[in-house]
Every structure is written in C-alpha cells, then in structure tokens.
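The residues making up each chain are set out below.
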Amino acid sequence: MSLLAVEGLNAWYDRSHVVQGVSFAVPEGGVTALLGRNGAGKTTTLKAIMGLVRRRSGSVRLAGQPVDGLPTHAVARAGVAYVPETRGVFPSLTVRENLAVAMRGAGAEGWTLERVYGLFPRLAERSESGGGTLSGGEQQMLVIARALLTNARLLILDEPTEGLAPTVIREIGACLATLKTEGLSTLLVEQNFAFATALADRVVVMGKGRVRWEGETERLSDDPAVMHGWLGL
Amino acid sequence: MALTDPAFVAIQVLNAFQLASLLFLLSVGLSVVFGLMNFINLAHGTLYMVGAYVGYAVAQASGSFWLALVLAPVAVALLGAILHWLLLARLQAANPMKQVLATFGLIFMGLDAVRWVWGSQSHGLEAPAGLDGSVTLLGQTYPVYRLFVIAVGAAVAVGLYLVLERTRLGARVRAGVDDRDMAAALGIDIGRLFFGVFCLGCGLAGLAGVVAAPVLSVYPGMNMSVLVLALIVVVVGGPGSLSGAVIGSLLIALVQTFGQVFAPALASVAIYAAMAIVLLVRPGGLIPLKGRS
Ligand SMILES: Nc1ncnc2c1ncn2[C@@H]1O[C@H](COP(=O)(O)OP(=O)(O)O)[C@@H](O)[C@H]1O
Ligand SMILES: [Mg+2]
C-alpha cells in the first residue's frame, strides 16, 4: 500500500480550475519528486492535500486512511508535515520557539530538539535569534527541522532550494539524502531538475493542472516528449 | 496649575496610568483576536458594560466587591463562549462587513438587555474596605482605589507576558498571529486556540468593567466611549501584540488625560490627531505585525 494516495484531486481558485483530476501515489520510504513548469499546479496540489484551498474535491489517503475533508491541523496530526514555498518561518518567534511549537509530545522515539540540532548545527548556534533575522538557507533548515519535529510519516517540501546559494543547496541536499537513508518518506516539489532527480526514486510530472507522466526517475530521460513538452528541457 | 508643578503633573500621569490600565484590559483581547483571526468584535465594549453590571449585581447581593471582581470576568468569559458558539464561529468565514454588522447589532441588544434588567439610571459601586481611602502623594491626596486599578492592569500585563512569551501555548498563539495557515499545517488547532483567546479576552473586558465601576459609574451606554478608545488603541498599537496594546493604551491615555486638562474642548480631537500621526509615520501601528506586509 502507498503511504500517500491521491485520486481524482481537483482544486479551484474562485472559478479557475487549477488542479484537474490529479492522481498519484507516494510509496512508503524514499523520495518522490513532483515536477512541472511554473504554474502547472504543483503548489496548489500540495495545498489541496493539506486542506489549505477552500474549494477542492477528490480523495486523499494517508496509509489507507482518508484525510480529504479534514481541517489542516488534523491532516498534519494524521502524519503529514508540509513546508510551503514561502517557508513559513514565524518571524516573531525565536528559532527555538519555532521548533517548540511543532513538538506534540511524542514518546521517546522520533525527533527531538537535540537530534535536529545535530542535523543542523547552524540552528543550535542561532537558537535564540528571531525567526525574522535568518538568512534564506537558515530559514529553510529551520522549517525542515520543524517539520521533522512533528514526527510526521510524510514530509512534503515545496521548492526547498528556491533562491538559495549553491553551497546551501548542497547542504540541504545532503541532509535530505541522509533523511532518505533513515527511511523518511518525502514528496518533493522542485524546479531544480538536477537536485530533484538526484534525490528522487520516482517522479510525477504535472502540466496544466494534470499528471502527464509518472514513473521511476531513470525512465524519465527515455521520454523526450515529457522532458521537452512538460518540463521544457 | 501647569506643567511646571511637578506634583500636579505626577497626579495627572497617575490618572493617565489608571485610564491606560482599563484601556489595556479592554484592548488586549480585541487586539490579539484581531491578529489571530482578522475578526473585529464591536460588541467587546458591551462585554465591558456587562462585566460592570454583573459586578454591581454580585456586590449588591453578596456585599463583597472581591467576589464581584472574581465572578464578573468569569460570567463575561462564559457569555463570550456562548456568543462564540451562537454567532462568531459561523461568521469567521464570512466577510468582514457581516462581522461588523452582527457585532454592531449585539451592541444594541446589550443596551436593551441591561436597561431591561437594571433600568436606565446609573448605579454606583463602592470601592471595598481598604481601598476606599486616600493616600498623600507629593502633597496631594490621591484615591487608593485608582492605584489598585493601575496595579490590576500591570498585573494582567505581566501575567499575559509570561504566558505569551514563556510558555509553548503562548508561542503557539504568537505563531497563529504570524501565520495562521502555517500554524495549522504544524498540527495546531487554530479554531480551538482562537476560542480560548476569545473567551480570555472577553473575561478581561469583564474585568475592566468591574474594576472601572467604582471609578466611573455603571450605566447603559458606558461601553460606547470606551469602545472607541479601545479600537483606537488597537489601531495605534498595531493589532495582535501585547506590547502594542500596552504602548497604545499608555499613549492614548496620556493624550486623553492631558488633553482634558489643558484643552478640554480639543481632547477628543487630540486623540484622533495622535492616531493620524502614528498611522502616517507607521501605517501598521507602533508594533506592526511581523508576518504580514
Ligand atoms: N492564490 C491564487 N489565486 C488565484 N490563482 C492562483 C493562486 N495561486 C496560484 N494560482 C494560479 O494557479 C495556477 C497553478 O499555480 P501553482 O499551483 O502555484 O503552480 P506551481 O506551483 O506548479 O508553479 C497558476 O496559473 C497560478 O497563476
Ligand atoms: Mg509552486
């Protein structure tokens, strides 16, 4: 059974039908990349999964349990951690507080403050700094760390490399690779094709609101029509 | 009587602090609720009035001001919970105009309700034994009760500060004010948080009412002038923050108090002028919301 199963998902902004019957699956363990040009509907798909768009329909299941129709906080508690394109650092909270608000008092198993500080030592150094004072790279580390602290089963990242310097992108990539080897399941939306395909086992390609291709990462380059037509490569 | 007389100035500053204390108790709930939900409760002043009346009634029945001081905020917080269930939970998704109209309607229902129960005349509430005397400050006598009003506001401000800044629950409230959707995506139930903050804010409005009763009298319509001042405090301080409510309350109370002393005819104009100047210099208020543009 897949960890996340999306079937016939639709989402609208007012009357514009932005996500049109999207279906795909994210298996347990590993990284699934959701790729596509700007405006393809990737972000809206993620928001619809999280219950953050007002008008949506279709089925979303997490480990077989339906989560469509649940309010956002209930989707999160079911085991989904979502890091939006805008990152979503709370600027009036310190780094430590940004992390603390996400902790739900899980048992000894799972993520702790020490463990995320171990993964991102930079955050430990800046733990008392205001969220609004962080650099782009520090912000991205903070929101990934915060997502991990919810002990989610599925991590959803929307363009984590956007606007970051190459060295920081490498750092984030190394961290996501580590998390992958530890068995974390990730759904990664990216514009950075090389970054995404280096991490992902599977790729879902979206174009104009629909899924245009789905399969193993190695098979993607066999399909020039998809590469050119829907990814512009 | 002028600014050159330090004792006179000190007394006026104390009067301003007393008004600031009441404005703070009223505006902090309005402000944080607005920051969290973009929701404007125009009936907030009505809850203040209800707090004063319930305090008056409890004190009449029991003979104890202290019992009134405890029960009135609790009663008003419960009333807030009922309002939330009946009305506000449904209005959150509605447009702001509907919120304004519905809570505006509550103002008139509140006025009629207190007139019906307690009549149109004004009532007085005695300061309790121990707080009903005066002290001499810089050669002037000053009512002890007014110092008590200042102390209540300061104690509530410190208590709220500790909860908001030093607990995880407080950090969650601030996170919700910064970015409601992001807080929800981390599993924080914003609806429940809002309900709690709303009821607490209502309780503090009730506390303001019962604390104000021995200073100002209790009458139908006592909420109106104070609602306008509290709204100005929220705008001037910047919605959603405790420090904004504290600073806004102090500023507006000082302008109001010294305006009344030096140019009574211009006092209310001075308040609007202060608001205009603040908004010209800092459109988001003195402490603008960090999460929003
Ligand atoms: N808040 C919004 N209101 C209206 N239209 C939107 C909004 N956000 C995105 N859109 C539109 O929806 C389409 C899909 O956008 P999005 O999901 O952000 O795509 P992607 O993440 O793949 O770049 C685009 O045409 C975009 O202009
Ligand atoms: Mg996007």
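Now for a description of the structure that goes with this document. As a convention, each chain's residues are numbered from 1 in the sequence order in which they are written. Starting at A for chains and at 1 for ligands, labels are handed out in the order in which the entities are written. Residue-level local features of this predicted model are given only where pLDDT is at least 70; pairs of side-chain atoms are given and counted only at 80 or more, and the full residue set underlies all totals for whole chains, interfaces and linings. Think of the side-chain values as coming from all heavy atoms in the structure, minus any hydrogens and water.

A few words now on the overall build of chain B. Secondary structure follows DSSP: runs of H or I at least 4 residues long count as helices, runs of E at least 2 residues long count as strands, and numbering of each begins at the N terminus. Within chain B, the secondary structure is distributed over 11 helices and two strands. Shown N-terminal to C-terminal, the secondary structure of chain B runs as helices and strands in the order α-α-α-α-β-β-α-α-α-α-α-α-α. C-alpha atoms define the radius of gyration in this analysis, and the globule rule sets the expected value at 2.2 Å times the number of residues to the power 0.38. The C-alpha atoms of chain B give 19 Å as radius of gyration, which agrees with the globular expectation for 293 residues (19 Å, within 12%). For every residue, the accessible area obtained with a 1.4 Å probe (protein chains only) is divided by the maximum for its type, and the residue is called buried under 20%, exposed over 50%, and partly exposed between those limits. Out of the 293 residues in chain B, the part that is buried amounts to 53%. In this description, contact between two residues means that some pair of their heavy atoms is separated by no more than 4.5 Å. Sequence-distant contacts, at least 24 apart, represent 78% of the contacts inside chain B between residues at least 6 apart. Of the roughly 12800 Å² of accessible surface on chain B, a fraction of 70% belongs to carbon and sulfur atoms. Only four residue types enter the tally: Lys and Arg on the positive side, Asp and Glu on the negative side; His and the chain ends are excluded. We put the charge of a Lys on NZ, of an Arg on CZ, of an Asp on CG and of a Glu on CD. For chain B, the distance from the average position of its 13 positive side-chain charges to the average position of its 9 negative side-chain charges is 9 Å. Shrake-Rupley sampling with a 1.4 Å probe provides the accessible areas, and residues are treated as covered by the protein chains on show and by no other component.

What follows deals with the site of ligand 1. Residue and element names in this part refer to chain A. Every residue close to ligand 1 is listed here: Y13, V18, R37, N38, G39, A40, G41, K42, T43 and T44. At 2.7 Å, a side-chain N or O of T43 approaches an oxygen atom of ligand 1. When isolated, ligand 1 has an accessible area of 560 Å², and the protein chains bury 58% of it. Of all the elements, helix α1 (residues 42–50) adds the most residues to the shell around ligand 1, at three residues. For this classification, Asp, Glu, Lys and Arg are treated as charged, while Ala, Val, Leu, Ile, Met, Phe, Trp, Tyr, Cys and Pro are nonpolar and the rest, including Gly, are polar. Its residues assigned to classes, the shell around ligand 1 comprises three nonpolar, five polar and two charged. Nearness is judged by heavy atoms alone; a residue qualifies as near a molecule or strand once a single heavy atom is within 4 Å of it. Each polar contact in these results corresponds to two N or O atoms within 3.5 Å; when the atoms are within protein, one needs to be able to donate a hydrogen and the other to accept it, and residues that are neighboring in sequence are counted only if both atoms are side-chain atoms.

Definition of nonpolar core: a set of buried residues of the types Ala, Val, Leu, Ile, Met, Phe, Trp, Tyr and Cys, connected through side-chain atoms within 4.5 Å. Membership of the largest hydrophobic core comes to 120 residues, with the highest contact counts inside it found for L4(A), F24(A), L154(A), L187(A), F24(B) and L207(B). Once residues lying within four places of it in the same chain are set aside, the contact partners of L187(A) are L4(A), F24(A), V26(A), T32(A), L34(A), L46(A), L154(A), L155(A), I156(A) and L157(A). The next biggest cluster of nonpolar side chains, apart from the first, holds 47 residues, and it includes V31(A), F120(A), I144(A) and A145(A).

In an ideal tetrahedron of four donors about a metal, each angle is 109.5 degrees. In an ideal octahedron of six donors, the angles are 90 or 180 degrees. All names here are of chain A. A 2.8 Å cut-off from the metal defines N, O and S donors, relaxed to 3.2 Å for Na, K and Ca; water is not in the atom list, so some sites may appear incomplete. Within the protein, the atoms that donate to the magnesium ion (ligand 2) are T43 (OG1) and E85 (OE), at distances of 2.0 to 2.7 Å. In this pair, T43 sits in helix α1 while E85 sits in the loop between β6 (80–83) and α3 (95–100), placing the two residues 42 residues apart along the sequence. Overall, T43 belongs to the buried group, its relative accessible area being 19%. Owing to a relative accessible area of 29%, E85 belongs among the partly exposed residues under this scheme.

We now examine the interface of chain B and chain A. Counting residues at the interface gives 19 residues for chain B, matched by 23 residues for chain A. Joining two parts hides part of their accessible area as seen by a 1.4 Å probe, and the buried area is that hidden amount summed over both. Buried surface at the junction of chain B and chain A, both sides included, amounts to about 1900 Å², of which 59% is carbon and sulfur. When the buried area of chain B at its contact with chain A is split by residue, R168(B), M182(B) and L186(B) rank highest and sum to 30% of it. The salt bridge definition used is simple: a Lys or Arg side-chain nitrogen within 4 Å of an Asp or Glu carboxyl oxygen. A salt bridge links R174(B) to E97(A); the nearest nitrogen and oxygen atoms lie 2.8 Å apart. At the boundary of chain B and chain A, one finds 10 residue pairs in polar contact (both at pLDDT 80 or more). Listing elements by their share of the side of chain B that touches chain A, those giving two or more residues are α6 (168–178) and α7 (180–185) of chain B. A per-class count over the side of chain B that touches chain A returns eight nonpolar, two polar and nine charged.

This next bit is on the state of the cysteines. All names here are of chain B. To count as a disulfide, a pair of cysteine sulfur atoms needs to be within 2.5 Å. Inspection of the entire model under this criterion finds zero disulfides over all chains. A disulfide-free cysteine, C199 has its sulfur positioned 6.1 Å from the sulfur of C202, the nearest such atom. Judged by relative accessible area, which is 11%, C199 ranks as buried.

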